[in-house]
Amino acid sequence: MIERWNRDQVLALAPDASSQKAAHGVSSPGKWSNTGVTAEAVWGECKGSGSKPYRACVDLSGPAYRCSCPSRKFPCKHALGLLLLWSADGVPGADEPADWVAEWLDQRRARAERPAPAPRAAAAAAPDPRRAEQREQRVAAGLEELDRWLADQVRQGIAGSRRHDHWDGLVKRLIDAQAPGAAGTVSRLGTVLGGEDWPARLLSEYALLHLLVTAHRREPPAPTARGRVGFPTSKEEVLAGETVRDRWDVLGRRDEEQDRLITRRAWLRGRTTGRAALVLSFAPAGQTQTLDASLVTGMTVDADLAFYPGSAPLRALVATRHGAAPAAVPPGSGPEQALREVAAALAGDPWTDSWPVVLDGVVPLRNGGWLLGGPDGGIPLHPSAGTPWRLVAASGGRPLTVAAEWTPQGLRPLSTWDEEGRVVVL
């Protein structure tokens, strides 16, 4: 039986704030009829503006959503409202799903059991060695130009870097050189401007770019360096490699938009292995329905994960899901041990800019800025966290287990757990 989600977990699934507000408007029992829930799904009919009610159902093991409404948002307000009603224990249990729900679930099972199609001949063919060599030459030339540019910045000084368009020309040349990873890193340099320590932070970023160029010159370049430069590893290659099975705690997720592309980061940690994992999905701005919504904060998923190659593997794909596992507060550590873990990750991949940590026995403290502290020290919060009122309220002065995303600028809180072990999405 899937453990009933709480309100925070449901609202975290909403694609935007307006969907959260709309979901509250359709979450009252009076809006729904013919509702029911089994171990596999929750369903119901919601009265709308037309003569026929909208039929909404959620496959809880996915989760996956279906609704007869015309909304292009995913999940829609009706699916979210139904889940809110369920979270408030407002949906009665049933021995078996309604006929239309059972039909949909059968269709999903049939698609899951269907063998994967054979790869196309063009996709299965080996890459053209001549084109691959041409790209290697373009990338090498682009990185050499990047290194000369970095040397010029150090020699001439960084006062001119205060303009946010200072790096635009270099970004375009790196894209032309087919080094999109390096181009993306350069394009984000403008985010370090501002604040008293911006010169030191900018020089640190320049040093990491120089290290990337130097690492790529080695023969052969390490997979980590090639990945950071922008040489892709296909999903098929990743899924063909070894997998790691564990009960993965979903610590939280975060969406961010850059250049009209939304990136969803879902952070996981293995209950037995202790491994960290990052599952990414992407969508054009305004098309959040294509983002992966299957990893619900606070869930524990029994699954096989396939990791992308690297010295400190983090990014992963969900290869096989074996179902949900009983959710519980994930095991954590003190700030000192968490920072040692981050240091080990940085030793393997110096370009790591985020890493999931679970801190145990910490409280939010204010010491100039906000930090999460425990008996063996504390870690500052990211400036974007502002005043963490939800975290302060959840703590009430008592120690908490907090999942957070480590960044060089501080921690971004993801989730915490209350006295009864229920997740609080931050």
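Here, the structure is the one placed above.
Given the structure is predicted, the values throughout are model-derived calculations rather than measurements.

Asks: For the packing of helix 2 (residues 17–25) against helix 3 (residues 77–87), give the residues involved together with the corresponding values.
Replies: One can describe the packing of helix 2 onto helix 3 by two numbers: an axis separation of 8 Å at closest approach and a directional angle of 60°. Here helix 2 lies oblique to helix 3, going by the angle between them. Here helix 2 and helix 3 pass one another in a crossing that is right-handed. The residues of helix 3 that touch helix 2, namely those facing Ser 19, Ala 22, Ala 23 and His 24, are Lys 77, Leu 80, Gly 81 and Leu 84.

Asks: Quick one: what's the story with the sheet that holds strand 2 (residues 41–46), residue by residue and with numbers?
Replies: One open sheet accounts for four strands, arranged 1-2-3-4; its pairing is antiparallel. Each having just a single partner strand, strand 1 (32–37) and strand 4 (64–67) make up the two edges of the open sheet. When the angles between neighbouring strand axes are averaged without regard to direction, this sheet yields 10°. Against the sheet, helix 3 touches strand 1, strand 2, strand 3 (54–59) and strand 4, its axis set at about 65° to strand 3. Its contacts with the sheet put helix 4 (residues 99–113) on strand 2, strand 3 and strand 4, and the angle it makes with strand 3 is roughly 45°.

Asks: Go over the packing of helix 6 (residues 129–156) against helix 9 (residues 198–217) with me, naming the residues and quoting the values.
Replies: Each packed pair of helices is defined by two parameters, the angle between the axes and the distance between the axes. One can describe the packing of helix 6 onto helix 9 by two numbers: an axis separation of 10 Å at closest approach and a directional angle of 145°. Seen from above, helix 6 lies across helix 9 with left-handed handedness. Note on element contacts: helix 9 touches helix 6 through Tyr 206, Leu 209, His 210, Val 213, His 216 and Arg 217, opposite Val 139, Leu 143, Glu 144, Leu 146, Asp 147, Trp 149, Leu 150 and Gln 153. In terms of residue class, the contact of helix 6 with helix 9 is made up of eight nonpolar, three polar and three charged.

Asks: Please provide a residue-by-residue account of the nonpolar core, values included.
Replies: If you look at the biggest cluster of nonpolar residues, it comprises 42 residues, and the most contacted ones within it are Trp 5, Val 42, Leu 83 and Leu 268. The element contributing the most residues to this core is helix 3, with seven residues. Those residues within four positions of Leu 268 in sequence are excluded, and the remaining contacts are Trp 248, Asp 249, Val 250, Leu 251, Arg 275, Ala 276, Ala 277, Val 279, Leu 295, Leu 305 and Pro 356. Among the nonpolar cores identified, the runner-up in size contains 28 residues, and Leu 143, Ala 182, Ala 183 and Val 213 belong to it.

Asks: Requested: an account of the environment of Asp 89, with residues and values cited.
Replies: On the secondary structure map, Asp 89 appears in the loop between helix 3 and helix 4. In this structure, the C-alpha to C-alpha distance between Asp 89 and Thr 224, residues 135 residues apart in sequence, is 48 Å.

Conventions adopted
- Residues numbered from 1 in each chain as written.
- Predicted model: local features only at pLDDT ≥ 70, side-chain atom pairs only at ≥ 80, totals over all residues.
- Heavy atoms only, no water.
- Axes fitted to C-alpha atoms, helices over the stretch in contact; angles between N-to-C directions.
- Helix = DSSP H or I, 4+ residues; strand = E, 2+ residues; numbered from the N terminus.
- Parallel < 35°, antiparallel > 145°, perpendicular 65-115°, else oblique.
- Left-handed = near helix turned anticlockwise from the far one by under 90°.
- Contact = heavy atoms within 4.5 Å.
- Pairing = 2+ DSSP bridges.
- Nonpolar A, V, L, I, M, F, W, Y, C, P; charged D, E, K, R; others polar.
- Core = buried A, V, L, I, M, F, W, Y, C linked by side-chain atoms within 4.5 Å.
- Buried < 20%, exposed > 50% of the residue type's maximum accessible area, 1.4 Å probe, protein only.

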